[in-house]
Amino acid sequence: MTNAQPHRAVSPEAPLRVASPEAPLRVAMIGYGFMGAAHSVGWRQAPRMFDLPRAVEMTVVVGRNADAVAAAAEKWGWAESATDWREIVARDDIDIVDIVTPGESHAEIAIAALEAGKHVLCEKPLANTVAEAEAMAEAAERARARGIRSMVGFTYRRVPAVTLLRDMIAEGAVGTVQQVRAAYRQDWLVDPEMPLMWRLQKEHAGSGALGDIGAHIIDMTQFVTGLGVERVSGTVDTIVAERPLPSDGSMGLAKAAGAAERGAVTVDDVAIFTGRLANGALASFEATRFATGRKNALTIEVSGDRGALAFDLEDLNSLRFYDRTAPEGRQGFTQVLVTEPQHPYVSAWWPAGHMLGYEHGFTHQVVDLVGAIDANTDPHPSFEEGLRVQRVLDAVERSSAAESAWTRVDALVPAL
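Residues numbered from 1 in each chain as written. Predicted model: local features only at pLDDT ≥ 70, side-chain atom pairs only at ≥ 80, totals over all residues. Heavy atoms only, no water.

A.B. asks: How would you sum up the overall build of the protein? Please name residues and give values.
C.D. replies: Helix and strand counts for the protein stand at 10 helices and 18 strands. Relative to the globule expectation of 22 Å for 416 residues, the C-alpha radius of gyration of the protein, 22 Å, shows essentially globular dimensions. Each of the 416 residues in the protein was classed as buried or not, and the buried ones make up 53%. For the protein, long-range pairs separated by at least 24 residues make up 73% of all intrachain contacts whose partners lie at least 6 apart in sequence. In the protein, 39 positive and 55 negative side-chain charges are present, and the distance between their average locations comes to 3 Å. (Helix = DSSP H or I, 4+ residues; strand = E, 2+ residues; numbered from the N terminus. Rg over C-alpha atoms; globule rule 2.2 N^0.38 Å. Buried < 20%, exposed > 50% of the residue type's maximum accessible area, 1.4 Å probe, protein only. Contact = heavy atoms within 4.5 Å. Lys, Arg positive; Asp, Glu negative; His and termini not counted. Charge placed at Lys NZ, Arg CZ, Asp CG, Glu CD.)

If you want it as structure tokens, here you go:
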């Protein structure tokens, strides 16, 4: 692992240097926190477990702290480390920019990368505001005309059971979708002495539980049903309004040791809302970091006139399917173990019954992105789909500010 050296800047208007189909795709990852670790696993594992149409190289990881990012590069397998993302985006030996920074920087980095002719993978939510997300989607559309691809990291789409759930609904397993219940419950903020961090500051995170984990259940609902959320009625709330400042003066996760000073929490702790889907069905959503005892409980249940499907991330290798067309005496929820080679993504992994985990979705994300780049097709979820989720998040906040009035999601676009 070496430190990166400056390279010649590339003008956004300059002709693009497109790598040959045989050349490896060279990746720069901007950011190196929790998501940086997960994305690194994806980049490392995908070419080893799947027959990718293009090789990938983990070229450089970028962060503000030179020592910390160098240690991350060494630990996760990146060839270089650097501290200036602008220099890296301008390099002509980078093909893909993977953005895993806090939301406040997504728009600036992504737009610069797209204008420099780089394919972009950006963590969710796409941005902190609708205006930023619109600018990103517009930049992605301009880049698309030049063969440059972009994708949002809604990784739970790529849990094999979730992909299968989507496929079964599309095949008619539940019939007409009549109701959806989606929730994402965590409890890591229940302790009021947990110190303040960037995820609890609106200027850095955009929103709290609503954007961080609520974005996942909005996207998952639209993904598995194929139906957009068109109107919402919701409430967001901040349960602990002030928290201790970190004892080291940072905005990290370290527990504050007897800190006297406190800072304001400027985002929501919990968001609960109802949505009206494009076909008129109702969907209920809950996103909270105060569900005591729930560590990472993402659940979704889709009910229709022919059956129902249910998924729980804490049991991510299975689905539960209720077939209403079965004889009355044989009806009931049946567990489907999603580990067979014919299930999505599974054939590249282990024999039937051998379980996959959280990290595998990030590998599948790389597989799909590299495949789309090689085939010169659009990967999903696109920046336009990320913008769609951003507009739903914005509508929930506007509804909450208006005493939970039903609020229309602006500028409707199809949910893919």
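Resuming the write-up.
A.B. asks: Break down the environment of Glu397 for me, citing the residues and quoting the values.
C.D. replies: Turning to its location among the elements, Glu397 is positioned in helix H10 (residues 383–401). Judged by its relative accessible area of 28%, Glu397 is partly exposed. Separated by 356 residues in sequence, Glu397 and Val41 place their C-alpha atoms 34 Å apart. The contacts of Glu397, once residues within four sequence positions are left out, are Lys202, Gly206, Ser207 and Leu210.

A.B. asks: Describe in detail the nonpolar core, supporting the description with residues and values.
C.D. replies: Counting residues in each nonpolar core, the largest one holds 83 residues, and the members touching the most others are Phe311 and Phe383. Here this core gets 9 residues from one element, more than from any other, and that element is helix H8 (residues 209–225). Here this core gathers at least three residues from each of two domains, domain 1 (25–154) and domain 2 (156–400). Not counting residues within four places of it along the chain, the set of residues in contact with Phe311 comprises Val159, Ala161, Val162, Leu165, Leu298, Thr299, Ile300, Leu316, Ser318 and Leu319. The next biggest cluster of nonpolar side chains, apart from the first, holds 30 residues, and it includes Leu25, Ala38, Trp78 and Leu121. (Core = buried A, V, L, I, M, F, W, Y, C linked by side-chain atoms within 4.5 Å. Domains from an automatic or database assignment.)

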